[in-house]
Amino acid sequence: MKPLPPKPASRPEKVSLWRYMRLFRKDILSAQPAKLYRAWMAEFRTPFFRSYLVNDPELVKEVLTRNPQAFPKSERIGAGLRPLLGNSVFLTNGKTWKRQRRIIDPAFEGGRLRDTYAGIFAAADAGVARLGDKADGDAVEIEEITSHIAADVIFRTLFSIPIEDETAQKVFRAFRAYQRTQPILNLAAFIRGPSWMPRFLRSETRKTAQEIRSLITKLTRERLAQIAAGTAPDDLATKIMTTPDPETGQTFTLDEMVDQVAIFFLAGHETSASTLSWSLYLLALYPDWQSALADEADAFDGAFASLSSLKHTRDVFRETLRLYPPVPMMVREASQNQTFRGRAVRKGAQIVLSPWHLHRHARLWDNPDAFDPNRWATQSGKASARDAYMPFSAGTRMCSGAGFAQIEGVVLLARLLGAYRFERDVGRDPVPVAHLTVRSKEGIWLRIISR
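Summary of the structure given here. What you see as residue numbers is a count from 1 along each chain, following the sequence as written. Under the rules for a predicted model, residues below a pLDDT of 70 receive no local features and side-chain atom pairs below 80 are neither given nor counted, while totals for whole chains, interfaces and linings still include all residues. Values reported for side chains reflect all heavy atoms of the structure, with hydrogen atoms and water molecules removed beforehand.

1. Points about the packing of aromatic side chains
Part 1 of the argument: Two rings from Phe, Tyr or Trp (for Trp, the six-membered ring) form a pair when their centres are within 6.5 Å of each other. A pair whose planes differ by under 30 degrees is stacked, one over 60 is edge-to-face, and the rest are tilted. Overall, the coordinates contain 13 aromatic pairs when judged by the stated rule.
Part 2 of the argument: Ring geometry for Tyr 324 versus Trp 356: centroids 6.1 Å apart, planes at 55°, classification tilted. One end of the pair, Tyr 324, is in the loop between helix H13 (311-323) and strand S4 (330-333); the other, Trp 356, is in helix H14 (residues 355-358), with 32 residues separating them in the sequence.
Part 3 of the argument: Taken together, Trp 278, Tyr 281, Tyr 324 and Trp 356 form an aromatic cluster joined through their ring pairs.
Part 4 of the argument: Here, a charge over a ring is recorded when the distance from Lys NZ or Arg CZ to the ring centre is within 6 Å and its angle to the ring normal is within 35 degrees. Positioned above the aromatic ring of Tyr 324, the side-chain terminus of Arg 360 is 5.4 Å from the ring centre.
Part 5 of the argument: Positioned above the aromatic ring of Trp 356, the side-chain terminus of Arg 360 is 4.6 Å from the ring centre. Numbering of helices and strands runs from the N terminus, with a helix taken as a DSSP run of H or I at least four residues long and a strand as a DSSP run of E at least two residues long.

2. Re the packing of H13 against helix H16 (residues 402-419)
Part 1 of the argument: The interhelical angle for the contact between H13 and H16, taken along N-to-C directions, is 115°, at an axis separation of 9 Å. You can see that H13 and H16 cross each other, and the crossing is right-handed. Of the residues in H16, those in contact with Thr 313, Arg 314 and Phe 317 of H13 are Ala 405, Gln 406, Gly 409, Val 410, Leu 413 and Ala 414.
Part 2 of the argument: Residues were grouped as follows: Ala, Val, Leu, Ile, Met, Phe, Trp, Tyr, Cys and Pro as nonpolar; Asp, Glu, Lys and Arg as charged; and all remaining residues, including Gly, as polar. Of the residues assigned to the contact of H13 with H16, the class counts are five nonpolar, three polar and one charged. Helix axes use the C-alpha atoms of the stretch in contact, all axes being lines fitted to C-alpha atoms, and the angles between their N-to-C directions lie in the range 0 to 180 degrees. The sense of a crossing depends on the near helix, which, turned anticlockwise from the far helix by less than a right angle, makes the crossing left-handed and, turned clockwise, makes it right-handed. Here a residue-residue contact requires only that any non-hydrogen atoms of the pair lie within 4.5 Å.

3. Describing the nonpolar core
Part 1 of the argument: Only buried residues count toward a nonpolar core, which is a set of Ala, Val, Leu, Ile, Met, Phe, Trp, Tyr and Cys residues joined through side-chain atoms within 4.5 Å. Accessible area is worked out with a 1.4 Å probe on protein chains only. A residue is then buried under 20% of its type maximum, exposed over 50%, and partly exposed in between. One finds Phe 155, Leu 158, Phe 159, Phe 265, Leu 280, Phe 422 and Ile 448 to be the most contacted residues of the largest nonpolar core, which totals 110 residues.
Part 2 of the argument: It is helix H11 (residues 254-285) that contributes the most residues to this core, 16 residues altogether.
Part 3 of the argument: Apart from residues no more than four positions distant in its own chain, Phe 422 is found in contact with Leu 131, Ile 142, Leu 280, Ala 284, Gln 290, Leu 416, Leu 417, Leu 446, Arg 447 and Ile 448.
Part 4 of the argument: By size, the runner-up hydrophobic cluster in this structure holds 23 residues, among which are Met 41, Val 60, Phe 71 and Ala 388.

4. Let's talk about the sheet that holds strand S2 (residues 50-54)
Part 1 of the argument: Spatial strand order, S1-S2-S7-S4: four strands in an open sheet with mixed pairing. Because the sheet does not close on itself, it has two edges, and the strands there are strand S1 (41-45) and S4. Strand-to-strand twist of the sheet, defined as the mean angle between neighbouring strand axes without regard to direction, takes the value 25°.
Part 2 of the argument: Paired strands are those between which DSSP finds at least two bridges. In this sheet, strand S7 (residues 350-353) lies alongside S4 in antiparallel orientation, the contact comprising four bridges. Looking at the pairing, Arg 332 lines up with Ile 351 of S7.
Part 3 of the argument: Packing against the sheet, helix H2 (residues 57-66) makes contact with S1, S2, S4 and S7, and its axis sits at approximately 110° to S7.

Right under this line is the structure:
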């Protein structure tokens with residue numbers, strides 16, 4: 001019998017609010033009861049607000065696709081991220097968010113993805129080269145390696161600089177420190193208050209956020225100067241900085257651009273690193289699939305037009321996103337009274353959409369906890385995906401970089417598996433936890449061997 005991929009243990013059914021807050025702060029996944037993997041909806045009450053976790057596919061569509069304006073992003077989770085992300089597109093709502101998307105979206109449309117391909121491919125090959133001295137069969141922590149490669153992709157495609165650039169190195173190190181000090185939840189998520197209310201963030205978190213924003217400001221100022229001089233490279237940063245809002249004709253200000261670059265780094269770097277590391281672990285756990293992907297990689301000529309030949313690689317990447325969605329939960333707020341499944345949902349209630357639970361829902365997927373990339377070629381798998389698969393969210397707020405991320409993941413996997421074999425460090429299997437993204441509690445340890 002094949003082993004199942006790691007899944008965190010669920011908490012007991014009934015715990016006190018304070019116990020739940022402590023569990024939630026440590027890890028959002030193991031803080032939830034097992035019944036959420038079968039429930040269509042669950043209500044959670046606190047003295048401060050009510051929260052509804054929604055798995056019913058029709059309600060998910062109502063919140064994200066049919067009536068998204070009635071369910072804006074909640075400030076409760078965003079409160080802890082504002083020192084780093086400011087007013088980025090990840091946190092805004094309404095007219096501000098619509099304006100930001102009108103400027104950002106063109107950078108990730110159609111032919112622009114082809115334009116970013118060279119940077120993705122170069123970062124992949126640089127990552128392969130750096131791994132050479134680690135391919136000696138000793139166990140190494142793979143999350144740190146994938147973080148480095150994913151950050152290199154962002155630097156090359158956004159600012160046309162490799163991670164070896166001095167400023168890029170500083171940004172990367174600061175982001176690593178930020179990820180370790182930033183919990184997914186702080187007191188502001190439970191207690192609503194005015195904008196001036198202290199957010200009880202750790203001093204290290206604030207300090208690191210300030211350092212990151214200072215470095216991003218430096219990169220952004222330099223790029224604006226290059227644009228003014230007519231010497232700027234045609235990359236994502238230049239495209240976004242020079243794209244006017246089609247309704248107002250205005251481009252982003254310096255401060256606005258710094259906010260957007262911060263979320264590009266956080267979303268593009270953290271989420272890609274998480275998925276890549278889990279993919280490599282799953283392939284070490286299921287060596288037959290690793291062999292199939294290595295064969296595809298050997299036949300891949302590296303051309304953008306040949307990406308369609310990496311079918312098994314694409315399906316493994318999709319299956320990894322299903323089992324380990326980088327962003328495990330999204331929080332919206334009801335802007336008016338609603339009725340969900342015959343239950344009154346009052347204005348101000350929190351609506352939690354959980355890719356983690358939806359992707360493993362026992363009523364929506366066949367054998368939901370199993371690693372089965374073949375499911376993506378079946379009718380039942382395709383039907384489940386339509387109702388219960390949203391690693392990049394859905395509807396109007398679907399991640400602008402979803403297409404970019406899927407190309408990046410497939411290319412990185414193909415280049416790494418074409419050069420190396422990855423094996424488990426037996427007895428050291430990872431335990432998933434969620435902080436900013438779904439990572440392993442004590443890292444993911446694998447042995448790397450040259451092919």
